[in-house]
Amino acid sequence: MVEMKDVCVTYATGVDALHNVNLKINDGDFAFVVGPSGAGKSTLIKLILKEIDPTSGSVYVNGYHLNRLRRRKIPALRRTIGFVFQDFRLIPSMTVYDNIAFGLKLKKLPKDVIDEKVRHVLDVVDLEGFERRRVHTLSGGQQQRVAIARAIVNEPEILLLDEPLGALDYKMRKEMQLELKLMHEQLGITFIFVTHDQEEALTMSDKIVVMSNGEIQQVG
């Protein structure tokens with residue numbers, strides 16, 4: 001699903017964000033990218049989303065050779081990727097249903113198709129019956145489930161999660177770790193989870209990528 005070969009990224013400021021990175025994440029992996037601030041985790045995510053290009057080396061995502069990907073094909077790449085932000089980025093004035101359906105409505109899908117897809121993901125994230133609730137009335141854990149539902153309703157082949165549990169309290173974080181593991185098993189798609197929490201990675205992952213100072217130290 002994701003492969004990087006001898007990838008280096010040097011920003012205009014002269015900062016070497018990634019140095020000689022070689023990485024392979026397979027279809028269906030639950031992979032964690034672990035490391036302290038400045039390790040290069042965010043740069044890795046930006047490469048996958050093609051927000052930036054490598055200074056050297058090659059990046060492949062779901063069959064796309066990103067070095068050769070033309071700008072008009074970037075939307076097609078991103079349709080295969082779901083992204084869950086740390087701060088969820090929900091629209092507080094909307095209901096749970098409308099937040100999840102937002103992207104589908106932009107695609108102008110038929111109403112019955114949208115309804116079927118939204119109700120399916122509500123079942124996956126265990127939020128049946130919450131359709132008409134405003135998101136600002138939900139708990140942190142429930143809001144996170146809405147954010148995940150919004151990402152997976154488009155049926156991505158890769159789900160990127162950028163420290164999505166960081167804003168939750170300890171008890172809720174533990175509960176969501178189990179929920180995410182169950183979702184991964186149910187959906188069967190590739191999860192790439194960015195965190196600095198080693199315990200979280202050891203609890204949930206089947207592959208861990210350890211980064212430091214722009215380099216991959218270990219993969220296992």
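Residues numbered from 1 in each chain as written. Predicted model: local features only at pLDDT ≥ 70, side-chain atom pairs only at ≥ 80, totals over all residues. Heavy atoms only, no water.

K.L.:
Outline the overall build of the protein, supporting the account with residue identities and numerical values.
P.N.:
Counting its regular elements, the protein contains seven helices and 10 strands. A globule of 220 residues ought to have a C-alpha radius of gyration of about 17 Å, and the protein, at 18 Å, matches this closely. Across its three principal directions, the C-alpha atoms of the protein cover 50 × 40 × 30 Å. Looking at the protein as a whole, 46% of its 220 residues qualify as buried. Sequence-distant contacts, at least 24 apart, represent 69% of the contacts inside the protein between residues at least 6 apart. In the form shown here, the protein has an accessible surface area of approximately 11000 Å², with 48% of it arising from carbon and sulfur atoms. The positive charge centre, built from 29 side chains, and the negative charge centre, built from 29, are 8 Å apart in the protein. (Helix = DSSP H or I, 4+ residues; strand = E, 2+ residues; numbered from the N terminus. Rg over C-alpha atoms; globule rule 2.2 N^0.38 Å. Buried < 20%, exposed > 50% of the residue type's maximum accessible area, 1.4 Å probe, protein only. Contact = heavy atoms within 4.5 Å. Areas by Shrake-Rupley, 256 points an atom, 1.4 Å probe, with all protein chains shown as cover. Lys, Arg positive; Asp, Glu negative; His and termini not counted. Charge placed at Lys NZ, Arg CZ, Asp CG, Glu CD.)

K.L.:
Account for the packing of helix α3 (residues 96–106) against helix α5 (residues 140–152), with residues named and values stated.
P.N.:
Two elements in contact, α3 and α5, have axes whose closest approach is 8 Å; the angle formed by their N-to-C orientations is 30°. Between α3 and α5, the crossing angle belongs to the class labelled roughly parallel. In terms of crossing hand, the pair formed by α3 and α5 is right-handed. From α3, Val-96, Asn-99 and Ile-100 reach across to α5, where they touch Val-146, Ala-149 and Arg-150. When grouped by side-chain class, the residues that make up the contact of α3 with α5 number four nonpolar, one polar and one charged. (Axes fitted to C-alpha atoms, helices over the stretch in contact; angles between N-to-C directions. Parallel < 35°, antiparallel > 145°, perpendicular 65-115°, else oblique. Left-handed = near helix turned anticlockwise from the far one by under 90°. Nonpolar A, V, L, I, M, F, W, Y, C, P; charged D, E, K, R; others polar.)

K.L.:
Account for the nonpolar core, naming residues and giving values.
P.N.:
Counting residues in each nonpolar core, the largest one holds 41 residues, and the members touching the most others are Ile-100, Val-118, Val-146, Ile-148, Leu-159, Leu-180 and Phe-193. When contributions to this core are tallied by element, the ones reaching two or more residues are β3 (30–34), α3, α4 (111–124), α5, β7 (158–162), α6 (170–187), β8 (190–195) and α7 (198–204). Ranked by residues supplied to this core, first place goes to α5 with six residues. Setting aside residues no more than four positions away along its own chain, Ile-100 makes contact with Val-118, Val-121, Leu-122, Val-146, Ala-149, Arg-150 and Val-153. By size, the runner-up hydrophobic cluster in this structure holds 31 residues, among which are Val-9, Ile-25, Leu-47 and Val-194. (Core = buried A, V, L, I, M, F, W, Y, C linked by side-chain atoms within 4.5 Å.)

K.L.:
Please set out the packing of aromatic side chains residue by residue, giving values where relevant.
P.N.:
Taken as a whole and assessed by the stated rule, the structure comprises four aromatic pairs. Ring centres of Phe-30 and Phe-191 lie 5.1 Å apart, and the angle between their planes is 55°; this geometry places the pair in the tilted category. Within this pair, whereas Phe-30 is found in strand β3, its partner Phe-191 is found in strand β8, the two being separated by 161 residues in sequence. The interplanar angle of 15° and the centroid separation of 4.3 Å between the aromatic rings of Phe-32 and Phe-193 together place this pair among those described as stacked. (Phe/Tyr/Trp six-rings, centres within 6.5 Å; stacked < 30°, edge-to-face > 60°.)

K.L.:
Let's hear about the layout of surface pockets: which residues, and what values?
P.N.:
For the largest pocket, the calculated volume is near 520 Å³. Around the largest pocket sit 18 residues that line it, and Ile-81, Gly-82, Phe-83, Arg-150 and Asn-154 are the ones nearest its centre. Elements supplying a minimum of two residues to the lining of the largest pocket: α2 (74–79), β6 (81–84), α3 and α5. Element by element, the count of residues in the lining of the largest pocket is highest for α3, at five residues. Classifying every residue of the lining of the largest pocket by side-chain character gives nine nonpolar, four polar and five charged. Taken together, Ser-42, Ile-45, Lys-46, Leu-49, Glu-51, Phe-83, Phe-85, Gln-86, Asp-87, Arg-89 and Asp-162 make up the lining of the second largest pocket. Among the elements that take part in the lining of the second largest pocket, helix α1 (residues 41–48) stands out by supplying three residues, more than any other. By residue class, the composition of the lining of the second largest pocket is four nonpolar, two polar and five charged. (1 Å grid on protein atoms, 1.4 Å probe; cavity = no way out; pocket = protein on both sides within 12 Å on 5 of 7 lines; lining within 4 Å. Points joined across faces, edges and corners; volume = space filled by probe spheres on them.)

K.L.:
Give me the lowdown on unusual backbone geometry, citing residues and values where you can.
P.N.:
Residue Asn-20 is not a glycine yet carries a positive backbone phi of 55°. Along the chain, Asn-20 falls in strand β2 (residues 16–25). The class of Asn-20 is partly exposed, set by a relative accessible area of 43%. Positioned with a positive phi, Asn-62 is a non-glycine residue whose angle comes to about 50°. Examined against the element boundaries, Asn-62 turns out to sit in the loop between β4 (56–61) and β5 (64–65).

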